[in-house]
Amino acid sequence: MSATAPWRGRGPSSLRVRLAIGYTVALAIPLIIFAVFSYLTFSQALVARSDAFIGDALNVFIRESGAERMQARSSRDALQTTLDEVRFRDVRVIVLDSAGALVASGAEHDAAMGGDGDRVLTALALATPRGDTVPRTIAGPQGGIRILTRSVVLGRERFFVSGAYPLRDLVAVLGEIRTVFLIALPLLLLAAAFGAYVLAERSLAPVAAMATRAEEITAQNLDQRLPVAGGAELMGLARVFNA
């Protein structure tokens, strides 16, 4: 039985191939971890920016509502007037009173909400009618909607202002990032595998030369010597054999 028999059926018998595979796997693991970590970091950063955008829009709306209240007949009129005059790109705003009744709402129906934005926002606000909420995502087409609710007191009444931001742009950006990783990672691993194979072949070239010379040595030419080349280990092995 040959010395390479134990490797049959369990993997490549070539030492060059095994070294190349080992180098590639060693590089693939940190690359994949880096890609996953980077993707999660990008995702969290984009969501955080969306939350900040919604929060800033609600703060502006609340501030303008307070200024409008000084001129309007009632707090409800001030809220509706502010909603009619102050518009935000991609942010839909509705206002509920402390009982959960709809006070004011934008006229537009964002396509990402399926034309039912008031129902979605009302249901969310009714679920937490006692104060501010943390940002949350309501599942839906094109990534769903990011929701944030803030409470405000105008006059002697408490209201809940909710803002909704469609996540279609965020989902599109994350899709582009995934595409980049799915293309770049295989190319990097192929390049690493090729480089590892070439490096292994160069590193093992002295061993191949020693094996070839050893096969040429017979009883008729015992004066032949192995070439002393390669690293310190291989040179030491050649000197021992030649001694």
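The structure displayed is predicted, hence computed values, not measured ones.

So, how was this worked out
- Residues numbered from 1 in each chain as written.
- Predicted model: local features only at pLDDT ≥ 70, side-chain atom pairs only at ≥ 80, totals over all residues.
- Heavy atoms only, no water.
- Helix = DSSP H or I, 4+ residues; strand = E, 2+ residues; numbered from the N terminus.
- Buried < 20%, exposed > 50% of the residue type's maximum accessible area, 1.4 Å probe, protein only.
- Contact = heavy atoms within 4.5 Å.
- Pairing = 2+ DSSP bridges.
- Axes fitted to C-alpha atoms, helices over the stretch in contact; angles between N-to-C directions.
- pLDDT = per-residue confidence, 0-100.
- Salt bridge = Lys/Arg side-chain N within 4 Å of Asp/Glu carboxyl O.
- Arc of directions from axis to C-beta.
- Parallel < 35°, antiparallel > 145°, perpendicular 65-115°, else oblique.
- Left-handed = near helix turned anticlockwise from the far one by under 90°.
- Nonpolar A, V, L, I, M, F, W, Y, C, P; charged D, E, K, R; others polar.

(A) Seen up close, the overall build of the protein chain. Assigned secondary structure in the protein chain consists of five helices and five strands. In the protein chain, which comprises 243 residues, the proportion classed as buried is 34%. Partitioning the contacts of the protein chain with sequence separation of at least 6, the portion at a separation of at least 24 is 54%.

(B) The sheet that holds strand β3 (residues 136–138), seen in detail. If you trace the five strands from one edge of the open sheet to the other, you get β2-β1-β5-β4-β3, paired in antiparallel fashion. In this open sheet, the two strands that pair with only one neighbour each are β2 (102–105) and β3. Pairs of neighbouring strands in the sheet enclose a mean axial angle of 30°, with direction left out of account. With three bridges joining them, β3 and strand β4 (residues 145–154) adopt antiparallel strand pairing.

(C) Representation of the confidence of the model for the protein chain. Here the protein chain shows a mean pLDDT of 76. Residues at 70 or above account for 67%. Of all helices and strands in the protein chain, the one with the weakest mean pLDDT is helix α3 (residues 117–127) (57), whereas helix α1 (residues 15–69) scores best (89). Throughout residues 1–9 the model reports pLDDT below 50, and contacts reaching past four residues in sequence, or to other chains, amount to four contacts.

(D) Spotlight on the pattern of salt bridges. Counted by the stated rule, this structure contains four salt bridges. D51 is the partner of R146 in a salt bridge, and the nearest nitrogen-oxygen pair spans 2.7 Å. One end of the pair, R146, is in strand β4; the other, D51, is in helix α1, with 95 residues separating them in the sequence. Across the pair, exposure class does not vary: R146 and D51 are buried alike. The shortest N-O distance in the salt bridge between D97 and R76 comes to 3.3 Å. One end of the pair, D97, is in strand β1 (residues 92–97); the other, R76, is in helix α2 (residues 75–85), and 21 residues separate them in sequence. Given the relative accessible area of 11%, D97 is considered buried. In this structure, a network of salt bridges that share partners links the residues R76, D97 and E157.

(E) Just α2, in detail. Looking only at α2, the buried set comprises S75, A78, L79, T82 and L83. All buried residues of α2 lie within an arc of 130° about the axis, which places them on one face of the element. Elements that come into contact with the buried residues of α2 comprise α1, β1, β2, β4 and β5 (157–166).

(F) How the structure looks around the pairing of β2. Relative to β2, β1 runs antiparallel, the two sharing three bridges. Bridge assignment links I94 to a residue of β2, and that residue is S105. Hairpin connection of β1 to β2: four residues between the antiparallel strands, including G100 at a positive phi of 90°.

(G) Region of interest: the environment of A196. Here A196 lies in helix α4 (residues 168–216). In this structure A196 comes out as buried when scored by relative accessible area, which is 6%. Ignoring anything within four residues of it in the chain, the contact list for A196 reads A20 and Y23.

(H) Representation of the packing of α1 against α2 within the structure. Across the interface, α1 lies against α2 with an axial gap of 8 Å and an inter-helix angle of 125°. When the interaxial angle is binned, α1 and α2 end up oblique. Crossing geometry of α1 relative to α2 is assigned as right-handed. Of the residues in α2, those in contact with F61, E64, S65, E68 and R69 of α1 are S75, A78, L79, T81, T82, L83 and E85. Classifying every residue of the contact of α1 with α2 by side-chain character gives four nonpolar, four polar and four charged.

(I) Spotlight on the environment of A67. Looking at where A67 falls in the secondary structure, it is placed in helix α1. Note on A67: relative accessible area 38%, which makes it partly exposed. Considered as a pair, A67 and A78 are eleven residues apart in the sequence and their alpha carbons are 8.5 Å apart.

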